[in-house]
Each structure stands twice: as structure tokens, then as C-alpha cells.
Amino acid sequence: MINTNVDSEGIATLEWDLPGRSQNVLNEQTMAAFADAAQKALADPAVKGILVASAKADFIAGGDLDMLLKATDAQAMSDNLKQWHRLFRALETSGKPVAAALNGTTLGGGLELALACHYRVASDNPKARFGFPEVTLGLLPGAGGTQRAPRLMGIQAALLFLTEGKRIKAADAQKQGLIHSVVPAGTERDAARAWLLEQATKNAVPGKDGKPGKTLQPWDQKGFRIPGGGVMTPSGMQTFMAGNAMLREKTQGNYPAPKHILSCVFEGLQTDIDTGLAIETRYFVSLVRSPEAKNMIRSLFFAMQEANKLARRPQDVPTQKFTKIGMLGAGMMGAGIAHAAATAGLEVVLLDSTLDNAEKGKAYSAKLLEKRVAKSQLPQDGASAILARIHPTTDYPDLTGCELVVEAVFEDRALKADVTKKTEAVIGKDAIFASNTSTLPITGLAEASSRPANFIGLHFFSPAEKMPLVEIILGKQTSPATLARAMDFVRAIGKTPIVVNDARGFYTSRVFGTYLSEGMALLQEGVAPALIDNAGRLAGMPVGPLALADEVSIELVHKIAKQTKADLGDRYAPRAADQVAALMAEKLGRFGKKSGHGFYDYPAGAKKHLWAGLAEHFPVKAEQPSLEQVIERLILIQSIETVRCLDEGVLASPQDADVGAILGWGYPPFRGGPIGQIHTMGTANFVAACDRLAEQCGERFRPTESLRKKAAEGSQFFPI
Ligand code: NAI
């Protein structure tokens, strides 16, 4: 695990080399092995300096998340961390120089180990990134990162770095004071060695006191000052005041990790490093055990990783490489999808009913690329190459040779049938036809196809070039091979797929819709609109339900409700939201944001505000529910609908449900997802809450039989 070698000049190299893994990670085993090697080197009088390095392409990728997900024993975790701190402090204070040669990416615990070395030299490897991503999974750097980073970078810069979880390049890490030098790739070990030898030579000369010199960290030297000033200086106080306020605005108090990071820095930097480390340990242990961290690690890391590794892909189908695809419709969605595919290196035939429309779709890409070039994110020739891959046309024969065609024309069944037939007349027998419909059942659309086995739904989100999720919808006749190849396509353009079965609203629109309709039901009941939308945001949703209904368009909500009613007849269960949408869209002509009038008014050049006329149509009752009661309804309605999707086989796994919710409609990750929310509450508590809400608000909250069974058995959706 740690290859050790002491050379003739007394430099011990401790090289991280975790067997069987592509990257080095910190866990109990690797740290025990490193501690053993380090202690030997520290104790060996022949060793004059210690070089920490990696045998992999990167330095160390961070902590072992599997270990952190499972960790529950506070005492054991705390003892463990204390051992790590003791080891890092021994490296810092033994007097022997210690240097880290950072050949590649150095994240989390890897960066913390590097900061405990006296000297850090990085290779100019363009792929290397440095950072503390812990906060993005609900954690904080627990191996000294919150104490050493601000003592090197200054409080303000460190707070941003630690709470945003940004990954920066070597040159920026040097500018920020995190590393000492950047050298040509492949020479970092030589550079670190040269520094160690120089230090060792200096240390060999006795000081005024007759003792040999010591290499020490800045914070262990006399007269150390925090760069930019300490916590109690005017600038320090200002930083914390502003930091607290900004954090509150961003997280609504839902994410304990950034708050604890602020506390670690605030408390730890008023004291010595050893006390600071003890403070950090306490906050770290409380975070690792928090439901927020467990939820974020499970959903954002493990479930997302599974989705990206295509865990649900039928396995016996060879992986398909894509080189040329077709895009029907160059509107808002078509232009975005074409851009994503061209950026990923695919040739895209962009077909619309007029050349002017098709060209407009391409111009959308040109604009996006221009912006990236202006920001130096992309060289001009790279941008030109992407743009050259988009071929606007009106001629179906141009689609010849496309391996897959995505349809994003108007949401009209007859029109979609027409373009399907025209396309199938020119593409190969094997090619896939995918519809980006947001509401029409895939099985019905496939009736227009002469090869329904190759017909599938690929539901992108707007803006398609940015949004990471694709909901893949299986029609009744879609073949496993088509699913496998469609999943290959989704990964080829860098998106994350979830797979769902064909049902009204699929998964995402169906559950997302319950959030909007619950908001409207509350309005109908006389709950103050400001309370409804504030509750949505405080619950962690990106936007309140009424504001969101405006953005999606109240008219569309109304249309979908009417269509569903017409399709289902007697089986349709009327909802309070239907009356609200009908009144707003039909009687009052308030269609939503696009028209400038919805639940909000959108005055030109000014901020939106709630429409004053709401009070007349939805009188606010004297007695208002508490904030917690409104939040409970807005959140639990999504969970119960998701359970129905699982029960009905629309969704295959709770992991897909949670990934789809977080990526698809911005469901708050600290809750894990609609199923993570149930897991956090405990199934029995969730069932009890839903029964209570069903009595108070209606049958839509009634728990399903599967849930009652789970609750009775005391079982959960996830092991942890
Ligand atoms: P859009 O109105 O912006 O674009 C549709 C494009 O199709 C237009 O450029 C139009 O000229 C073109 N078109 C119409 N008839 C055509 C024909 N016969 N042949 C070729 N092109 C034709 O619509 P948008 O928003 O891009 O939606 C397209 C599809 O994507 C719809 O099915 C919609 O339900 C679905 N969708 C929309 C989402 C959204 O947020 N807008 C999200 C997910 C899916």
C-alpha cells in the first residue's frame, strides 16, 4: 500500500499505491499503513527528509466514502481522527523536513495530508485539480483542512474555498498559497527532493543554542500571524458577519456542513493548532453522523455513480459508439440537445421545417460557444470545430447514416407521427428513433413507427445543454438492445440517465407536478401565497410552487389537467389545483411568467411581486398553518407520489427516484430525494404522517399498501 525506499542521501520516499484501485483513497487501512511507514522514517536516524508521493496518475482522491457512509460510532471515529492528527503533527514537528510531490489531482484528505507537509510541489499536469469537495457531500475536511487552509490562505479566501467545494488548478492553488511551486510534469519528485536536501543541509548546522535546526510549519514558528488578519480583527469580524448572512441566504439553514466549517474556522483560529484540530474533530463527527451527510453521500455519490455506470443497462448488448445523430426540430429543446451532442464530438443533422429555423438552432450554439471563448474556457478553434459539426437542413435524406434521431418538434401527436414516418424512410433499419415528448405516452407515439422495437423516449430537461438528467422512457415494444444503446448515447453526451416505464407524466413530470398542485391547493384553502412560496424555498426547493407554476406556465398546467381528465374520464380524481389553474388561465387570462401575469406580476425592468388581485380570488383565511405544516405538505406529497411510481413499476429503484428528483427538478439533496426523505423520517413515521395528512387534506396523501407493509415490518428503503 505504501512503498518505502530510503536513498543513499537519506531521503525516504513514502509512495501511496493502493492495490486494485485506480486511485489512492484515505481509509483506516491506508492510513494505518502510511502511519507505520511514516513513524519508521521519523524514528530512523539515517532518514534526513521525507518525501510523500503517489504511484498512481493522481496523488490522493480523498476519503473513502463507503467508510464514511457506514460510520456511526462517534467515539471510534473521534479516536481514529485523533490518531491521524497525532501523525500529521508528528510529521510537522519532528524537525525533519517533509515534502509532498503532487503529480495529479489532490482532493479532500489527500490535500489535508499535503498541507501537513512542510513543502508542496505540484506538477503542471493540466488535468490536476486541488480542493476540498467534502462540503458537496454534507461533510467538512476532518483531517486538519479547516485549520491549516486558513492559516495558509487567510480566513476569507479559505472560507470560500472550503464552503464552495471548488476544485482549482495547480497555478491557482499556488497563487492562493496552498502549494509552494509548480514544475514541469515528471520533475515534481526531483524538485521536492532538492528542497528536502537543502533543508537537511541547513538543519545540520547547529543554531545559536548549539542544537541542530528544525523544519517547521509557519504556525509552529514564533511570531506566526494569520495572513490577512485573525478572527478578531476588523476584517476577520466583517468576513464572518458577511459569510454567515450569505450562507443563510444560500442554504436556508438546511445544510449543516458549511455552517460547521464556518464554526471550525471561527473557533479554531482563535486558538493554537492542536486545539483547533480538536474542535474540527467534534464538528466532523457530528456531521458524518447527520442524516444530511448520509443522504448526500448515498444519493449524490453512490446512486449517481450507479446511474452513470449504467447499472440498469441490459448487459449482453455490445456498447455502441455514436458518430452521427439527427435532431428533428431546432427549437428550444432541439437546439440545446444538438449543442450537447456536437460538444461531445458527434455530427448532428439539425432538421426543421424551414432552413431559417434550423439555422436559428445552430445560431443558439454559436452564441453559447462565443461566451465560453470570451471566458477563456474554450479556444476559438475548439469552438469552431464544435459548430462545424452542426448541419442545419430541411431535407430528410440528409439524415441518412444517423445512428440515432431525436425528435423535438411541437407537442402534437399527428405532427410527431408524420416526422417519424419521414425519418424512418431514410435512416438505417438499426437506427434508434427517440422522442423528447414531455407528455405523450411513448407506446402511443410508437404506433406511427414501422419498427417500434427501436422506438424510445429520451426526455431532456430545459435548458438541454445544461441540465444533466435524461429520463429514458420504455414503450411497450422497446427492445432491450434499444434501451442499452440509448443509454450509451446519453452517456456519450455526458448526461445521467434514469430509466422509467411509460405512464402518464412518466416519473419526473408526475411527481414534480404534485409540488405545483399542492401549492395551488394551499392557495385555494386560503393559505397566504407568501407563506406558500417561502415554505417551498425554506424546504430547500429552488423556487416556491406558485412562482414555479408561473415559470412552467399556468396555462400548460391547465391544459395537461384538461387532457388528463378527457383521457381518464370517470377514473380522474379532481384536484383543488385544477380549479385554481382553470380560474387563472381561462377566466383571468393570467397564463404565467411568459405573458407577464400569473400568480406574480412581472413589471418590465423591476422585480416580480405577488399579484395583488390574488387576495380577491383566494381570500386568505384568518387562521394560518405553521411554516412547518406547509413544508410538510409540499415535501411529503412528492414522496408519496414517488412511492406510487415505484409500486406501479414506473420506476425500477429508489436510487433512480432520488437521482431523477435531484437532477430533474432540483429536489434538495440534503433530504436525499423523495425516497431519502422517507428513509430519514423512518417508514413508520412517514406512514403515520401521511395518514394524518390524508384525514386533513385528502386521499392523495394516503399511504400505499406497500408502505404499510414496510412500516409494519420495520424495514427501510436503504440499508444506511
Ligand atoms: P419549440 O416550439 O421551441 O420547438 C419546436 C421546433 O420544432 C420548432 O423550431 C419548429 O419549427 C419545429 N418543427 C415544427 N414542425 C416541424 C416539422 N414538421 N419538421 C421539423 N421541425 C418542425 O418547442 P420545444 O420547447 O423545443 O419542445 C419540443 C418538444 O420537446 C416538445 O415535444 C416538448 O413537449 C418537448 N419538451 C419540451 C421541454 C421544454 O421545457 N420546453 C422539456 C422537455 C420536452
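Criteria and cut-off values
- Note on numbering: residues in each chain are counted from 1, in written sequence order.
- Local features in this predicted model are restricted to residues whose pLDDT is 70 or higher, and side-chain atom pairs enter the listing and the counts only when it is 80 or higher, whereas totals over whole chains, interfaces and linings include all residues.
- Excluded from the side-chain calculations are hydrogens and water; all other atoms, namely the structure's heavy atoms, are used.
- Between rings of Phe, Tyr and Trp, where Trp is taken as its six-membered ring, a pair exists when centres lie within 6.5 Å; planes separated by under 30 degrees are stacked, by over 60 edge-to-face, and by other angles tilted.
- Secondary structure is summarised from DSSP: a helix means a run of H or I of at least four residues, a strand means a run of E of at least two, and numbering begins at the N terminus for each.
- Both a distance and an angle decide whether a charge sits over a ring: NZ of Lys or CZ of Arg must be within 6 Å of the ring centre and within 35 degrees of the ring normal.
- Burial classes: relative accessible area under 20% of the type maximum marks a residue as buried, over 50% as exposed, and values in between as partly exposed (1.4 Å probe, protein chains only).
- At least two DSSP bridges between two strands are needed for those strands to be called paired.
- Distances are taken per atom, and a residue is near a molecule or strand as soon as one of its heavy atoms is within 4 Å of it.
- Pairs of N or O atoms are called polar contacts if they sit within 3.5 Å, as long as, within protein, a hydrogen donor faces a hydrogen acceptor (for residues adjacent in sequence, only side-chain-to-side-chain pairs).
- Ten residue types, Ala, Val, Leu, Ile, Met, Phe, Trp, Tyr, Cys and Pro, are classed as nonpolar, four, Asp, Glu, Lys and Arg, as charged, and the remainder, Gly among them, as polar.
- Contacts are assigned to residue pairs with any non-hydrogen atoms lying within 4.5 Å of each other.
- Expected span of a helix, by definition, is 1.5 Å for each gap between consecutive residues, and there is one gap fewer than residues.
- Two distance rules govern patches: like charges are joined within 9 Å, and nonpolar side chains (Val, Leu, Ile, Met, Phe, Trp, Tyr) within 5 Å, applied only to residues with over 30% relative accessible area and no salt bridge.
- Note on areas: Shrake-Rupley with a 1.4 Å probe; residue coverage comes only from the protein chains shown.
- Each reported salt bridge corresponds to a side-chain nitrogen of Lys or Arg within 4 Å of a carboxyl oxygen of Asp or Glu.
- Charged residues are defined here as Lys and Arg on the positive side and Asp and Glu on the negative side; His and the ends of the chain fall outside this count.
- Charge coordinates come from a single atom per side chain, which is NZ of Lys, CZ of Arg, CG of Asp or CD of Glu.
- What marks off one domain from the next here is an automatic or database domain assignment.

**Some points on the packing of aromatic side chains**
Enumeration over the complete set of coordinates arrives at eleven aromatic pairs. With a centroid separation of 4.5 Å and 5° between ring planes, the pair formed by Y119 and W195 is classed as stacked. Residue Y119 is located in strand β6 (residues 119–123), and its partner W195 is located in helix α8 (residues 188–204); the two are separated by 76 residues in the primary sequence. Taken together, the aromatic side chains of Y507, F512 and W665 make up a single cluster linked through ring pairs. A cation over an aromatic ring shows up here: K710 above the ring of F717, its NZ or CZ 4.6 Å from the ring centre.

**Quick notes on the pairing of β6**
The buried fraction of β6 is high, at five of five residues. Burial of β6 is two-sided: the residues Y119, V121 and S123 facing one way and the residues R120 and A122 facing the other way are all buried. With four bridges joining them, strand β4 (residues 98–102) and β6 adopt parallel strand pairing. Along β6, the bridge assignment pairs L102 with A122. Of the strand pairs in this sheet, β6 and strand β9 (residues 181–183) are connected by three bridges, and their pairing is parallel. Bridge assignment links A122 to a residue of β9, and that residue is V182.

**So, the site of the ligand**
Around the ligand there are 22 residues in total, and M333, D352, E411, K416 and S438 lie nearest to it. E411 places a side-chain nitrogen or oxygen 2.4 Å from an oxygen atom of the ligand. The separation between an oxygen atom of the ligand and a polar side-chain atom of N436 is 3.1 Å. When contributions to the shell around the ligand are tallied by element, the ones reaching two or more residues are α13 (332–343), α16 (413–424) and β15 (455–460). The class makeup of the residues in the shell around the ligand is ten nonpolar, nine polar and three charged.

**What to know about the side chain of T564**
Its place among the elements puts T564 in helix α22 (residues 554–568). For T564, the contacting residues outside a window of four places in its chain are R504 and Y572.

**Quick word on α16**
Counted at 1.5 Å a residue, the expected span for α16 with its twelve residues is 16 Å, and the 16 Å between its end C-alpha atoms agrees. On the buried face of α16, the contacting elements are β10 (324–328), β13 (404–407), β14 (432–435), α17 (442–445) and β15. Where α16 starts, the residue carrying a side-chain oxygen 2.9 Å from the main-chain nitrogen of A414 turns out to be D412.

**So, a positive patch on the surface**
The grouping of K367, K371, K375 and K466 at the surface amounts to a positive patch. With respect to the element layout, K367 can be found in helix α14 (residues 355–374).

**Observations regarding the domain arrangement of the protein chain**
By domain assignment, the protein chain separates into domain 1 (2–204 + 219–293), domain 2 (324–504) and domain 3 (509–649 + 652–713). Taking only C-alpha atoms into account, the centre of domain 1 sits 44 Å from that of domain 2.

**Some points on the pattern of salt bridges**
A side chain of one charge can pair with a side chain of the opposite charge if their charged atoms are brought near each other. Taken as a whole and assessed by the stated rule, the structure comprises 33 salt bridges. The residue K70 makes a salt bridge to D66 at a minimum N-O spacing of 2.9 Å. Taken as a pair, K70 and D66 lie in helix α2 (residues 65–70) at a separation of four residues, close to a single helical turn. A salt bridge links E648 to R510, with the shortest nitrogen-to-oxygen separation between them at 3.0 Å. Here R510 lies in helix α19 (residues 508–524) and E648 lies in the loop between α25 (627–647) and α26 (654–665), a separation of 138 residues in the sequence. The exposure class of R510 is buried, given its relative accessible area of 17%. Look at the salt bridges and you will find they share partners, linking D691, E695, E699, R702, E705 and R708 into a network.

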